[in-house]
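# Chain and residue survey
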Amino acid sequence: MTAKQIVDRSLKTLPSDLDPQRLPRHIAVIMDGNGRWARRRGLPRIMGHPRGVDALRDLVRCCDDWGIKALTVYAFSTENWNRPQKEINVIMMLIEQFLRWELREFAQRQIRVELMGQLQDLPESLKQQTQRTMDKTAENQGMRLTVATNYGGRQEILQACQALAAQVQQGTLNPEDIDQASFERHLYTVGIGDPDLLIRTSGEMRISNFLLWQVAYSEIYITDKLWPDFDRAEMHRALWAFQKRDRRFGKVKPSR
Ligand SMILES: CC(C)=CCC/C(C)=C/CC/C(C)=C/COP(=O)(O)OP(=O)(O)O
Ligand SMILES: C=C(C)CCOP(=O)(O)OP(=O)(O)O
Ligand SMILES: [Mg+2]
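Residues numbered from 1 in each chain as written. Chains lettered and ligands numbered in written order. Predicted model: local features only at pLDDT ≥ 70, side-chain atom pairs only at ≥ 80, totals over all residues. Heavy atoms only, no water.

### Describing the nonpolar core
Of all hydrophobic cores here, the largest spans 48 residues; its most connected members are Leu 71, Leu 145 and Met 235. Ranked by size, the runner-up nonpolar core spans 10 residues in total, among them Ala 28, Tyr 151, Leu 198 and Leu 211. (Core = buried A, V, L, I, M, F, W, Y, C linked by side-chain atoms within 4.5 Å. Buried < 20%, exposed > 50% of the residue type's maximum accessible area, 1.4 Å probe, protein only.)

Pasting the structure below:
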């Protein structure tokens, strides 16, 4: 075996200092910093987004190789419509290409892909590709990849409230019976659950309207790396940091 093959193989397996029994089941990622990555190279900021897709492709492979069960990535927020139209078009085109070009790999790896957000407001061709990709991967039994597109946490919570209010109005639900479980059944993440680990790149210390309800007890890992520079070494650091955390969920440890 050549040195390169040895390195390639070692990257494919979970690093030996990580405990496979204590991996986060669900990881969510705010892929931030594409614009700054391009500007730092003297390029127009939209040139960062294709590099962002490359980083996403490798993250999907990495999570699948290392045994992560669910990955949710933030591709376009409800607030991102306020960007220049040219940049919006580039991001929409890249998401559509990603959903089309990766289909073969999704099949090989048995990855089930879904989009979440206000999908009805996306461009027609992206909506069609979304449907095709979701249909073609619906039966896959491996990792679940969810791409948050035209997603806003506040909007998600509001639409859950509207759905519950409609049931109350129809007389099929008592307001007193609304609890966390019934509320969560109306969130996009139904069936995937809350992220155990939330990663944000590019050093910003904020949530930016991502998974507001679901991150209540997520561990948060923020790196200064810009999204296009995010790689397996950084993922290794994020998982290592996660495994060092003491997740208490408001309780105290029995010995304390
Ligand atoms: C699913 C898929 C194929 C996605 C397409 C590519 C991709 C990674 C899109 C994310 C878009 C976005 C708003 C990134 C944040 O960087 P930024 O533009 O906010 O960068 P900045 O903070 O440096 O300005
Ligand atoms: C990664 C995505 C899709 C949205 C969050 O990044 P933004 O760049 O839009 O967030 P802010 O820094 O403006 O809060
Ligand atoms: Mg940004």
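### So, the UniProt feature "active site" (unreviewed entry) in the protein chain
Feature annotation in UniProt assigns "active site" (unreviewed entry) to the following positions: Asp 32 and Asn 80. Spanning 49 residues, the named residues form one tight spatial group whose C-alpha atoms are at most 12.1 Å apart. Within this annotated set, the largest pocket is lined by Asp 32 and Asn 80. Secondary-structure assignment places Asp 32 in the loop between β1 (26-30) and α2 (34-39). Sequence-distant contacts of Asp 32, that is, excluding residues within four places in its chain, are made with Arg 200, Thr 201, Ser 202, Glu 204, Leu 226 and Trp 227. Of note is the side chain of Asp 32, whose polar atom sits 3.2 Å from the side chain of Arg 36. You can see Asn 80 is positioned in the loop between β2 (70-77) and α4 (85-101). (UniProt positions renumbered as here; feature names shortened; annotations may be inferred. 1 Å grid on protein atoms, 1.4 Å probe; cavity = no way out; pocket = protein on both sides within 12 Å on 5 of 7 lines; lining within 4 Å. Helix = DSSP H or I, 4+ residues; strand = E, 2+ residues; numbered from the N terminus. Contact = heavy atoms within 4.5 Å. Polar contact = N/O pair within 3.5 Å; in protein donor to acceptor, adjacent residues only side chain to side chain.)

### Focus on the site of ligand 1
Inspection of the region around ligand 1 gives 20 residues, with Asp 32, Gly 35, Arg 36, Arg 45 and Arg 83 positioned closest. Between ligand 1 and the protein, one listed contact pairs an oxygen atom with a backbone N or O atom of Asn 34 at 3.1 Å. Taking a 2 Å distance to the grid points as the criterion, the majority of the atoms of ligand 1 fall inside the largest pocket. Of all the elements in the fold, those that place two or more residues in the shell around ligand 1 are α2, α3 (48-66) and α4. The element best represented in the shell around ligand 1 is α4, accounting for five residues. Split by residue class, the shell around ligand 1 holds nine nonpolar, six polar and five charged. (Near = heavy atom within 4 Å. Sits in = over half its atoms within 2 Å of the grid points. Nonpolar A, V, L, I, M, F, W, Y, C, P; charged D, E, K, R; others polar.)

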